[in-house]
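A structural walkthrough
Residues per chain, in single letters:
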Amino acid sequence: MLSDESQSEITNLKKTVLHATHVESNAKMVPFGGWDMPVQYADGIIAEVRAVRNSAGMFDVSHMGRLEFEGSGAESFLGTILSANMPIIKVGRGKYNFICNATGGIIDDAMVYRVGDEKFLLVINAGNVGDDMDWINPHLRGSSGFTMNVTTNDTAMIAVQGPEAVRIIDSLTGDEASKIRRFRIGEAEVNGIPATLARTGYTGEDGFEIVVAADQGVKLWSTLRDAGVIECGLGARDVLRLEAGLPLHGNDLSTDTNPFEAGFGRFAYFEAPGCISGLALKQLAEQEQKRALVGFKMIGRGIPRAGLNILESGVSDPNDSNVIGNVTSGTHSPTVDGGIGMGYVEQKYSATGTHIVIDVRGRLVEAEIVEMPFYKRG
Amino acid sequence: MYPDDLKYSKEHEWVRMNGNVAEVGVTVFAQESLGDVVYVDLPESGTEVGQFAKFGEIESVKAVSDLFSPVGGKIVEVNPEATDRPEVVNEEPYGSGWLIKVELSDMAQLDGLMDAASYEATLE
């Protein structure tokens, strides 16, 4: 009954510095974005989701790509390859944005932080590093006044998330961490380990993403575990981000989607001088979008999954019914206690409260379009 | 982990015989591989199922898997607890987490299944 991807021997997967630690903790390891990563630990995904919603959980996100840009030309270069208004980002602040191609398709979504006057940290998705570099590299030629360093392998990155996260990190930093406000980035020593702390995350909870030297990664992980932070894997991370209404590139965003139909037009700044996607994004911003990314909750019994068709409500036969969209993410949400999902639907079906039908492998299950996020912290 | 009184399929289902009726469930290996079971879809009682044919679906948080019946015949009972409280499949895969009972069309079907030792050997 199982086609267990974890059983397939894939030998060329990359390993984070925490790999052995995960294996010792009996994590189930799976391939993800070219890396061998923990999908869950012994207590399972639901327990991990609850830990993050009720106390604090941590994730090894060392696989995410980290690029540092430094020099007088860095700001304007980033303005050309990203969709961010770079000059307004002050030192110590971060911004969510997109890496779009010349037609406005989304190559990746990213966080960019200004860590110094002329120094920036760009965090990109592990599975997109190749595509991102293919996009960035040709534009590097002919640019000057800055250096770009890929620091992914020189550093470890651990996300600590949950209502107790800030209190715990504060206690390990001599109350320095809480001085860093939401979407900001700063430096502190975590139990003596020099660290960069970004008060960001991907779970809908408060917390930090902590970057340390690679050889300090295991020590940081065990420090956090001793402080009561629960180990969590990619399975919980995917549920948490979906509950929080946060898109996943590769599922909800791709080069075939643009930021405006995805509902994230406010993160698509296109007026930077020389912005390569600028013209396309400007045109897309002025157009009416044919479809929209929506969130929906299942009414009937069933769990939506990426790739399933979305049909018009009121039909009884999947063969002669009207496909109005498709599911891009779906799961069982322990927090909402039911099936939730995201997907693209034709614009006229995208209003909150619209009933839709999910074709769950031939079984037609009623669902309702709802406002996202599905979960908002109190 | 793999009781001696059960027969096993390579698809990680088990059967427990009682006369000519087979109780069917998933093994410890299956439930551990799946992780938290959050949804079980089973057919109506009275449905016919073929040996090794799909009879339902089981879903964890992460993924959906098909359920294949180790024996063929008429489904005479379906476990309502498995659909109402799917986590019972994780908790008691050989007990309250059973899925269906099948009245065997041909007892010789059992020859196509494994004993506990043979099944365990396939997991190594």
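Here the structure is a predicted model, which is why all the values come from computation and not from measurement. (Residues numbered from 1 in each chain as written. Chains lettered and ligands numbered in written order. Predicted model: local features only at pLDDT ≥ 70, side-chain atom pairs only at ≥ 80, totals over all residues.)

**What to know about the overall build of chain B**
- Helix and strand counts for chain B come out as four helices and nine strands.
- Helices and strands in chain B line up, N terminus first, as β-β-β-α-β-β-β-β-β-α-α-β-α.
- Its C-alpha atoms give chain B a radius of gyration of 13 Å, near enough to 14 Å, the size a compact globule of 124 residues would have.
- Across its three principal directions, the C-alpha atoms of chain B cover 35 × 35 × 20 Å.
- Counting contacts in chain B only where the partners sit at least 6 residues apart, residues at least 24 apart contribute 62% of the total. (Helix = DSSP H or I, 4+ residues; strand = E, 2+ residues; numbered from the N terminus. Rg over C-alpha atoms; globule rule 2.2 N^0.38 Å. Contact = placed C-beta atoms within 7 Å.)

**Concerning helix 2 (residues 45-54) of chain A**
- Counting buried positions along helix 2 of chain A yields seven of ten residues, so the element is predominantly enclosed.
- On its buried side, helix 2 of chain A packs onto strand 2 (35-40), strand 3 (57-60), strand 9 (155-161), strand 13 (230-231) and helix 7 (234-243) of chain A. (Buried ≥ 20, exposed ≤ 12 C-beta atoms within 10 Å, placed from the backbone.)

**Some points on the sheet that holds strand 4 (residues 37-41) of chain B**
Residue and element names in this part refer to chain B.
- Strand order across the open sheet formed by three strands is 4-6-7, with antiparallel pairing between neighbours. In this open sheet, the two edge strands, each paired with only one partner strand, are strand 4 and strand 7 (64-68). Geometrically, the sheet is characterised by an average inter-axis angle of 25° between neighbouring strands, direction not taken into account.
- Across five bridges, strand 6 (residues 54-60) lies against strand 7 in antiparallel orientation. Looking across to strand 7, one finds that Ile58 is bridged to Ser65. (Pairing = 2+ DSSP bridges. Axes fitted to C-alpha atoms, helices over the stretch in contact; angles between N-to-C directions.)

**What about the packing of helix 2 of chain A against helix 7 of chain A?**
Residue and element names in this part refer to chain A.
- Orientation of helix 2 relative to helix 7, taken along the N-to-C sense of each, is 55°, at an axis distance of 9 Å. Classified by the angle their axes make, helix 2 and helix 7 are oblique. Handedness of the crossing formed by helix 2 with helix 7: right-handed. Residue-level inspection shows Ile45, Glu48, Val49 and Val52 of helix 2 in contact with helix 7, the latter providing Gly235, Ala236, Val239 and Leu240.
- Here the contact of helix 2 with helix 7 is composed, by residue class, of six nonpolar, one polar and one charged. (Parallel < 35°, antiparallel > 145°, perpendicular 65-115°, else oblique. Left-handed = near helix turned anticlockwise from the far one by under 90°. Nonpolar A, V, L, I, M, F, W, Y, C, P; charged D, E, K, R; others polar.)

**Description of the interface of chain A and chain B**
- Each partner contributes residues to the interface: chain A has 13 residues there, and chain B has 18 residues.
- For the side of chain A that touches chain B, the secondary-structure elements that each account for two or more residues are helix 2, helix 7 and strand 16 (323-333) of chain A.
- Partitioning the side of chain A that touches chain B into residue classes produces six nonpolar, five polar and two charged.

**A look at the domain arrangement of chain A**
All names here are of chain A.
- When the domains of chain A are assigned, the result is domain 1 (5-63 + 153-243), domain 2 (65-145) and domain 3 (290-370).
- Taking the mean C-alpha position of each, domain 1 and domain 3 sit 32 Å from one another.
- Taken together, the residues of the side of domain 1 that touches domain 3 sort by class into four nonpolar, no polar and four charged. (Domains from an automatic or database assignment.)

**Comments concerning the sheet that holds strand 16 of chain A**
- Spatially, six strands are ordered 14-17-16-15-18-19 (chain A) in a closed barrel, and the strand pairing comes out antiparallel. Between one strand and the next, the sheet's axes are offset by a mean angle of 45°, whatever the strand orientation.

**Notes on the nonpolar core**
Residue and element names in this part refer to chain A.
- Leu78, Ile158, Val160 and Ile210 are the most contacted members of the largest nonpolar core, which totals 137 residues.
- For this core, the element with the most residues is strand 6 (residues 106-116), which contributes seven residues.
- The contacts of Ile158, once residues within four sequence positions are left out, are Met58, Phe59, Asp60, Val61, Ile210, Leu220, Trp221 and Leu224.
- Core analysis: the next-biggest nonpolar cluster, separate from the first, contains five residues, Val30, Trp35, Val39 and Leu234 among them. (Core = buried A, V, L, I, M, F, W, Y, C linked by C-beta atoms within 7 Å.)

**Topic: unusual backbone geometry**
Residue and element names in this part refer to chain A.
- A cis amide bond links Met372 with the next residue in sequence, Pro373, at an omega value of 5°.
- Of note, Asn191 is a non-glycine position whose phi angle comes to about 50°, a positive value.
- When you line up the elements, Asn191 lands in the loop between strand 10 (185-190) and strand 11 (193-198).
- In this model, Asp337 sits at a positive phi of 60°, which is unusual for a non-glycine residue.
- Its location among the elements puts Asp337 in the loop between strand 16 and strand 17 (338-346).
- On the basis of neighbour counts, which here come to 9 C-beta atoms within 10 Å, the residue Asp337 falls in the exposed class.

**Overview of helix 3 (residues 74-81) of chain A**
- Along helix 3 of chain A, six of the eight residues are buried, which leaves the element largely enclosed by surrounding structure.
- If you check which residues of helix 3 of chain A are buried, you get Ala74(A), Glu75(A), Phe77(A), Leu78(A), Gly79(A) and Ile81(A).

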